[in-house]
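In case you want the letters, here they are:
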Amino acid sequence: MDPEKLKAEVKRRLPEGRFRHVLRVADTAVEMAVRFGADPEDARTAALLHDVAKAMPKEELRELVLSEGDPAGVLGFHHELWHAPAGAIIAEREFGISGGAVLDAIRFHTTGRAGMGVLEQIIYVADMTEPGRDFPGAEELRQESLQSLSGGLTACSAHTIRYLAGKRAQIHPETLACYNDSLHRKDMNS
Ligand code: DGI
Ligand code: FE
Ligand code: FE
């Protein structure tokens, strides 16, 4: 789909502040794609759609995730996690996205997972490091992500795990798997 049409359709579905976050993730993801060797147009498409389900009611999200059998097992965890697989379903069904890598990047942008492809890693990291992110430590995550994609992935997943453990929230197993796997990637120098 033409990026301007895609933007207009996403804008319609999101509050203004969330839409602006999506545009910043898209700019960040395109820059990262150029730097780390992914397709910039795929990066833009995945970024524009990554939070497309963010404003949907919880019950609609649950129904969507259930319609595909909840393979990643997010429904037993906090509902913040549901918009990611639901977004991938909407991208496929309503936006006609068929590239598996783009859909996976949307599907796993919140938890991450082991064995993420380059595009998945870019969307995961760009989501946490776009210039509007101002939580404590965001600048360090930005710096690490400029230097290496696997380093950025480690830093971002470690940050999320510390943040969740700090507020005694449950941590999805794929979030932990993403962190562990990112260290392995560094060992392999990739
Ligand atoms: O949708 P965004 O706000 O742009 O960002 P996101 O999709 O990465 O994350 C949404 C929230 O999900 C964020 O506050 C952190 C939280 N989160 C990420 N991994 C886990 C998690 N929450 C729980 N409970 N468990 C996780 O493993
Ligand atoms: Fe999200
Ligand atoms: Fe986001």
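About the criteria used
Residues numbered from 1 in each chain as written. Chains lettered and ligands numbered in written order. Predicted model: local features only at pLDDT ≥ 70, side-chain atom pairs only at ≥ 80, totals over all residues. Heavy atoms only, no water. Helix = DSSP H or I, 4+ residues; strand = E, 2+ residues; numbered from the N terminus. Rg over C-alpha atoms; globule rule 2.2 N^0.38 Å. Buried < 20%, exposed > 50% of the residue type's maximum accessible area, 1.4 Å probe, protein only. Contact = heavy atoms within 4.5 Å. Lys, Arg positive; Asp, Glu negative; His and termini not counted. Charge placed at Lys NZ, Arg CZ, Asp CG, Glu CD. Near = heavy atom within 4 Å. Polar contact = N/O pair within 3.5 Å; in protein donor to acceptor, adjacent residues only side chain to side chain. Areas by Shrake-Rupley, 256 points an atom, 1.4 Å probe, with all protein chains shown as cover. 1 Å grid on protein atoms, 1.4 Å probe; cavity = no way out; pocket = protein on both sides within 12 Å on 5 of 7 lines; lining within 4 Å. Sits in = over half its atoms within 2 Å of the grid points. Donors = N, O, S within 2.8 Å, 3.2 Å for Na, K, Ca; no water. UniProt positions renumbered as here; feature names shortened; annotations may be inferred. Points joined across faces, edges and corners; volume = space filled by probe spheres on them. Nonpolar A, V, L, I, M, F, W, Y, C, P; charged D, E, K, R; others polar. Salt bridge = Lys/Arg side-chain N within 4 Å of Asp/Glu carboxyl O. Disulfide = S-S within 2.5 Å.

Going by what an unreviewed UniProt entry lists, the protein is known as bis(5'-nucleosyl)-tetraphosphatase (symmetrical) and is assigned to Edaphobacillus lindanitolerans.

A.B. asks: How would you summarise the overall build of the protein if you had to cite specific residues and measurements?
C.D. replies: Summing up its helical and strand segments, the protein has 10 helices and zero strands in all. Ordered by position from the N terminus, the helices and strands of the protein form the series α-α-α-α-α-α-α-α-α-α. The C-alpha radius of gyration computed for the protein amounts to 15 Å, which stays within 12% of the reference 16 Å derived for 190 residues, consistent with globular compactness. Oriented by its inertia axes, the alpha-carbon framework of the protein measures out at about 40 × 35 × 30 Å. In the protein, buried positions account for 46% of the 190 residues. Considering only contacts within the protein whose residues lie at least 6 apart along the sequence, 64% involve residues at least 24 apart. Between the centroid of the 23 positive side chains of the protein and the centroid of its 29 negative side chains there is a distance of 4 Å.

A.B. asks: Could you give an account of the site of ligand 1, naming the residues involved and the relevant values?
C.D. replies: Every one of the 18 residues lining ligand 1 counts as a neighbour, but Lys54, Thr110, Gln170, His172 and Thr175 are closest to it. Contact distances for ligand 1 include 3.0 Å between an oxygen atom and a side-chain N or O atom of histidine 109. Across the complex, the protein chains shield 86% of the 570 Å² of accessible surface that ligand 1 would expose by itself. When atoms are counted within 2 Å of each cavity's grid points, the one that captures over half of ligand 1 is the largest pocket.

A.B. asks: So what's going on with the coordination of the iron ion (ligand 3)? Residues and values would help.
C.D. replies: Coordination sphere of the iron ion (ligand 3), protein contribution only: His21 (NE2), His50 (NE2), Asp51 (OD) and Asp127 (OD), at 2.2 to 2.3 Å. Binding-site remark: the iron ion (ligand 3) is held by donors from one chain whose sequence spacing is H-x28-H-D-x75-D. A spacing of 3.6 Å is found between the iron ion (ligand 3) and the iron ion (ligand 2), which share aspartate 51 as a donor. Residue histidine 50 shares its accessibility class with aspartate 51, and that shared class is buried.

A.B. asks: I'd like to hear about the UniProt feature "domain: HD" (unreviewed entry) in the protein, residue by residue, with values.
C.D. replies: With numbering aligned to this structure, UniProt lists the feature "domain: HD" (unreviewed entry) at residues 18–132. Helix makes up 63% of residues 18–132 and strand 0%, whereas the separation of the span's terminal C-alpha atoms amounts to 11 Å.

A.B. asks: Before we move on, could you go through empty space enclosed by the protein and cite the residues and values that matter?
C.D. replies: Here the structure, examined in full by the defined rule, presents one cavity of 30 Å³ or more. The space that makes up the largest cavity amounts to roughly 30 Å³. Residue lining of the largest cavity: Ala72, Val74, Leu81, Ala84, Pro85, Arg107, Phe108, Thr110 and Thr111, and that is the complete set. Taken together, the residues of the lining of the largest cavity break down into six nonpolar, two polar and one charged.

A.B. asks: Which residues make up the pattern of salt bridges, and what values go with them?
C.D. replies: As enumerated under the stated definition, the model contains 17 salt bridges in all. Among the ionic pairs, glutamate 9 bridges to arginine 12, the shortest N-O distance being 2.6 Å. Remark: arginine 12 and glutamate 9 occur in helix α1 (residues 3–13); sequence separation between them is three residues, near one turn of the helix. A relative accessible area of 60% means that arginine 12 is categorised as exposed. The closest approach of N and O atoms between aspartate 51 and arginine 18, which form a salt bridge, is 2.9 Å. Of the two residues, aspartate 51 sits in the loop between α3 (40–49) and α4 (58–67) while arginine 18 sits in helix α2 (residues 16–36), which places them 33 residues apart along the sequence. By relative accessible area, which is 2% here, aspartate 51 ends up buried. Arginine 18 sits in the partly exposed class, given a relative accessible area of 25%. Within this structure, Glu9, Arg12, Arg13 and Glu94 form a network of salt bridges that share partners.

A.B. asks: An account of the state of the cysteines is requested, with residue identities and associated values reported.
C.D. replies: Two cysteines form a disulfide when their sulfur atoms are joined by a covalent bond. Applying the stated criterion across every chain, the model contains zero disulfides. As a non-bridged cysteine, cysteine 156 has cysteine 178 as the owner of its nearest cysteine sulfur, 9.0 Å distant. Owing to a relative accessible area of 0%, cysteine 178 belongs among the buried residues under this scheme.

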